[in-house]
Amino acid sequence: MNFDDYRGIWIYIEVKDGHVAPVSLELLGAGRALADKRKTELAGVLIGSGVKTIAPTLFQYGADVVYVYDDPIFEHYRTEPYMRALLDCCHKHKPEVILYGATPSGKDLASAIATDLPTGLTADTTILDIEEDTGLLLASRPAFGGNIMATILCKKYRPQMATVRPKVMKALPPDPSRTGKIVEEHIELREEEMRTKVLEIVREATKKARIDEADIIVAGGKGMGSKEGFQLIHQLAEVLGGAVGASRDVVEAGWIDHHHQVGQTGVTVTPKIYFAIGISGAIQHVVGMQNSDLIIAINKDPNAPIFQSCHYGIVGDAFEIVPLLIERFKEEIPKLKAAADVKEEIRHA
Ligand SMILES: Cc1cc2nc3c(=O)[nH]c(=O)nc-3n(C[C@H](O)[C@H](O)[C@H](O)COP(=O)(O)OP(=O)(O)OC[C@H]3O[C@@H](n4cnc5c(N)ncnc54)[C@H](O)[C@@H]3O)c2cc1C
C-alpha cells in the first residue's frame with residue numbers, strides 16, 4: 001500500500017428527510033482544520049435520492065469537493081447500496097481519512113467499509129488531530145468506562161477512519177461566499193440484487209424529550225433520593241422552560257426514562273445552561289455535558305468531583321436550595337420577559 005496515493009479528508013454526509021444531519025456539519029468543521037493542517041482537500045460524500053441540490057450547503061460549511069451519488073436506489077439508508085457507493089468512491093479517489101457521525105447509520109456504514117476495505121476504525125471519537133508531516137490521524141476516545149483517554153492510530157492501512165460523537169465538534173459559521181467542485185458519480189446497482197428492502201418507516205409516536213436540542217437542561221442525580229424527590233428537578237425545568245436530564249443511576253433506579261440520560265452511555269449535550277443537582281460528577285457523566293456553556297452544580301458534599309467541572313457551585317441540600325430557586329425564578333422570569341417585550345416593541349417602533 002503506497003500511502004502517497006491517499007489524499008484528502010472525507011466526511012460521510014448523512015441526510016435525513018432532505019436535510020443534512022447536524023453531526024455532518026460539525027464534522028465538516030473538524031475536517032476543515034485537519035485538511036488545512038495537512039494542506040489537502042476537504043470532501044463530502046453525499047449519497048441519496050434527490051440530494052444533488054444539497055451540495056452548495058456543504059461548501060458553505062467548509063467542503064472543497066462534494067462527491068455525489070444521486071439515485072432512487074439510495075432513497076432510504078441501507079447498508080448494501082450505501083456501502084457499495086462509498087467503496088466505489090474510495091477505490092476511485094483514495095482518501096487519507098474518512099469521518100462519520102457516530103449515529104446508527106454512520107456506525108453501520110463505517111464498520112461495513114472498514115471490514116470490506118479492510119482498514120482501521122476508531123468508534124465514538126471525541127478528539128481528533130492529525131500529524132502534519134505523516135498524515136497520521138490521532139483519534140481519541142474515552143476507554144475503560146471513561147477512566148482513561150485512548151489515542152488510537154491506524155499506522156498500516158489507508159484510509160484511516162473514525163466515527164465521531166454528535167455535538168462534540170463545532171460546525172463553522174456558514175460562509176455563503178465559499179464554493180467548491182461537485183463531482184457526480186454513478187454506480188450500477190440493481191434493486192433486485194439488494195438483499196434488504198425498506199417496507200415501512202415507523203416514526204415513534206411518543207414525544208421524546210429532546211435533551212440534545214434544549215438550551216437549558218436541569219439534570220438530577222441519585223442525590224434527589226427517590227422518584228418523588230426527583231419531581232423537584234421536573235419543577236425547576238418547567239419554570240425555566242428547559243428539559244430534564246439525569247445521571248445513569250437515576251435511570252437505573254427507574255425514576256426516569258433512558259432518553260433523559262446524559263453521559264458516555266447516554267446523550268452528549270451542549271446547552272447554554274446545565275444544572276447538575278445531586279450528581280456526584282463521575283467522569284462518565286461529565287463527558288456528556290462538559291462542553292455546556294454554563295454549568296451550575298448543587299451538591300451537599302463540598303468534595304464532590306462535579307465542583308471541578310462547573311462554573312458556579314452551590315454547596316448545600318438540594319431540597320432547600322431548589323425550592324428557593326423555583327420561587328425566585330417564578331418571580332423574576334415574567335419580569336425579564338416583560339422587559340424583553342418592551343425592548344422588542346422599541347425596536348419595532
Ligand atoms: C461504562 C460506564 C458507563 C457509564 N455511563 C454513564 C452515563 O452515561 N451517565 C451517567 O450519569 N453515569 C454513567 N455511568 C455511571 C457513573 O460512573 C456514576 O455511577 C453515575 O454518574 C453516578 O450517578 P449520580 O451522580 O446520580 O449518583 P452518585 O454518584 O450516588 O451521587 C449522588 C450525589 O448526590 C449528592 N447528594 C446526596 N444528597 C443530596 C442532597 N440532598 N442535596 C444535594 N446533593 C446531594 C451526593 O453528595 C453525591 O455527590 C457509567 C459507568 C460506567 C462504568
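Residues numbered from 1 in each chain as written. Predicted model: local features only at pLDDT ≥ 70, side-chain atom pairs only at ≥ 80, totals over all residues. Heavy atoms only, no water.

Per an unreviewed UniProt entry, the chain carries the name Electron transfer flavoprotein alpha subunit and comes from Anoxybacillus tengchongensis. Recorded in UniProt under Sequence similarities (unreviewed entry), the annotation for the chain is "Belongs to the ETF alpha-subunit/FixB family." (UniProt positions renumbered as here; feature names shortened; annotations may be inferred.)

Undergrad: It is not clear to me how the site of the ligand should be interpreted in this structure. Could you clarify?
TA: Around the ligand, the structure places 26 residues, and the nearest of them are K222, S247, T265, S280 and N299. Q284 is positioned with one of its side-chain polar atoms (N or O) 2.8 Å from an oxygen atom of the ligand. Separating a nitrogen atom of the ligand from a backbone N or O atom of K300 is a distance of 3.2 Å. Contact with the protein chains removes 77% of the 990 Å² of surface that the ligand exposes when unbound. (Near = heavy atom within 4 Å. Polar contact = N/O pair within 3.5 Å; in protein donor to acceptor, adjacent residues only side chain to side chain. Areas by Shrake-Rupley, 256 points an atom, 1.4 Å probe, with all protein chains shown as cover.)

Undergrad: For this particular structure, what's the right way to read the packing of aromatic side chains?
TA: Between two aromatic rings, the relevant description is the distance of the centres plus the angle of the planes. Applying the stated criterion across every chain, the model contains 5 aromatic pairs. Ring centres of Y12 and Y100 lie 6.0 Å apart, and the angle between their planes is 45 degrees; this geometry places the pair in the tilted category. With Y12 in strand 1 (residues 9-13) and Y100 in strand 6 (residues 97-101), this residue pair connects regions lying 88 residues apart in the sequence. Y12 gets classed as buried once you look at its relative accessible area, which sits at 3%. Aromatic pair F230 and W255: ring centres 6.1 Å apart, planes at 50 degrees, arrangement tilted. Here F230, found in helix 5 (residues 227-240), pairs with W255, found in the loop between helix 6 (248-252) and strand 15 (273-277); they are 25 residues apart in sequence, far enough to count as distant. (Phe/Tyr/Trp six-rings, centres within 6.5 Å; stacked < 30°, edge-to-face > 60°. Helix = DSSP H or I, 4+ residues; strand = E, 2+ residues; numbered from the N terminus. Buried < 20%, exposed > 50% of the residue type's maximum accessible area, 1.4 Å probe, protein only.)

Undergrad: What should I look at first to understand the pattern of salt bridges in this one?
TA: It is possible for side chains of opposite charge to pair when their charged atoms get near one another. Inspection of the entire model under this criterion finds 19 salt bridges. Notably, a salt bridge pairs E184 with K52, separated by 3.7 Å at the nearest N-O pair. Here E184 is found in strand 12 (residues 181-185), whereas its partner K52 is found in the loop between strand 4 (42-48) and helix 2 (55-60), with 132 residues between them in sequence. Owing to a relative accessible area of 38%, K52 belongs among the partly exposed residues under this scheme. The partner of K92 in a salt bridge is D88, and the shortest N-O contact between them spans 3.1 Å. Taken together, the residues K92 and D88, both in helix 3 (residues 79-93) and 4 residues apart, mark about one turn of the helix. You can call D88 buried: its relative accessible area is 18%. When salt bridges that share partners are traced, they join R32, D36, D64 and R178 into one network. (Salt bridge = Lys/Arg side-chain N within 4 Å of Asp/Glu carboxyl O.)

Undergrad: Just checking my understanding: could you explain the domain arrangement of the chain for this structure?
TA: One frequent convention defines the size of an interface as the accessible area lost when the parts assemble. Per the domain assignment, the segments making up the chain are domain 1 (3-193) and domain 2 (216-348). Here the C-alpha centroids of domain 1 and domain 2 sit 34 Å apart. If you look at the interface, domain 1 gives 7 residues, while domain 2 gives 9 residues. Surface buried jointly by domain 1 and domain 2 totals about 720 Å² across both partners, of which 39% is contributed by carbon and sulfur atoms. Joining domain 1 to domain 2, the criterion identifies 0 salt bridges. (Domains from an automatic or database assignment. Contact = heavy atoms within 4.5 Å. Buried area = accessible area lost by both parts, 1.4 Å probe.)

Undergrad: Would you mind going over the sheet that holds strand 1 with me for this structure?
TA: Two strands in a sheet stick together by hydrogen bonds in their backbones, pointing the same way (parallel) or opposite ways (antiparallel). Strand order across the open sheet formed by 7 strands is 7-11-6-1-4-5-12, with parallel pairing between neighbours. The sheet is open, and its two borders are formed by strand 7 (121-125) and strand 12, each paired with just one other strand. Strand-to-strand twist in this sheet, taken as the mean axis angle between neighbours without regard to direction, amounts to 20 degrees. Alignment of strand 5 (residues 65-70) against strand 12, held across 5 bridges, turns out to be parallel. When the bridges of strand 12 are listed, V66 appears paired with I182. Lying on the sheet, helix 1 (residues 22-38) is in contact with strand 1, strand 4, strand 6 and strand 11 (160-164); it crosses strand 1 at an angle near 175 degrees. (Pairing = 2+ DSSP bridges. Axes fitted to C-alpha atoms, helices over the stretch in contact; angles between N-to-C directions.)

Undergrad: How do you make sense of helix 4 (residues 104-116) when you look at a structure like this?
TA: Side chains of residues three or four places apart in an α-helix project in the same direction, reflecting 3.6 residues per turn. Compared with the 18 Å implied by 1.5 Å per residue over 13 residues, the 19 Å span of helix 4 between its first and last C-alpha is a close match. Taken together, the buried positions of helix 4 are S105, G106, L109, A110, A112, I113 and A114. Those residues of helix 4 that are buried are in contact with strand 1, helix 3, strand 6, strand 7 and strand 11. (Expected span 1.5 Å × (residues − 1).)

Undergrad: Before we go on, may I ask you to explain the sheet that holds strand 8 (residues 127-130) in this structure?
TA: Pairing in this open sheet of 3 strands is antiparallel, and the strands run 8-9-10 from one edge to the other. Where the open sheet ends on each side, the last strands, each with one partner, are strand 8 and strand 10 (148-152). Ignoring strand direction, the axes of neighbouring strands in this sheet form an average angle of 25 degrees. Along the sheet face, helix 1 touches strand 8 and strand 9 (137-143) and points at about 15 degrees away from the line of strand 8.

Undergrad: What is the right way to look at the pairing of strand 6 in this model?
TA: On a regular strand, one side chain projects to one face of the sheet and the next to the other, so that they alternate. Among the 5 residues of strand 6, 5 are classified as buried, and the element is accordingly described as predominantly covered. Every second residue of strand 6 is oriented toward a common face, with V97, L99 and G101 on one face and I98 and Y100 on the other, all of them buried. Of the pairings in the sheet, the one linking strand 1 to strand 6 comprises 3 bridges and is parallel in character. Paired with I9 across the strands is V97, a residue of strand 6. Inspection of the sheet shows strand 6 paired to strand 11 by 5 bridges, in the parallel sense. Its bridge partner being in strand 11, V97 is matched across the sheet by Q160.

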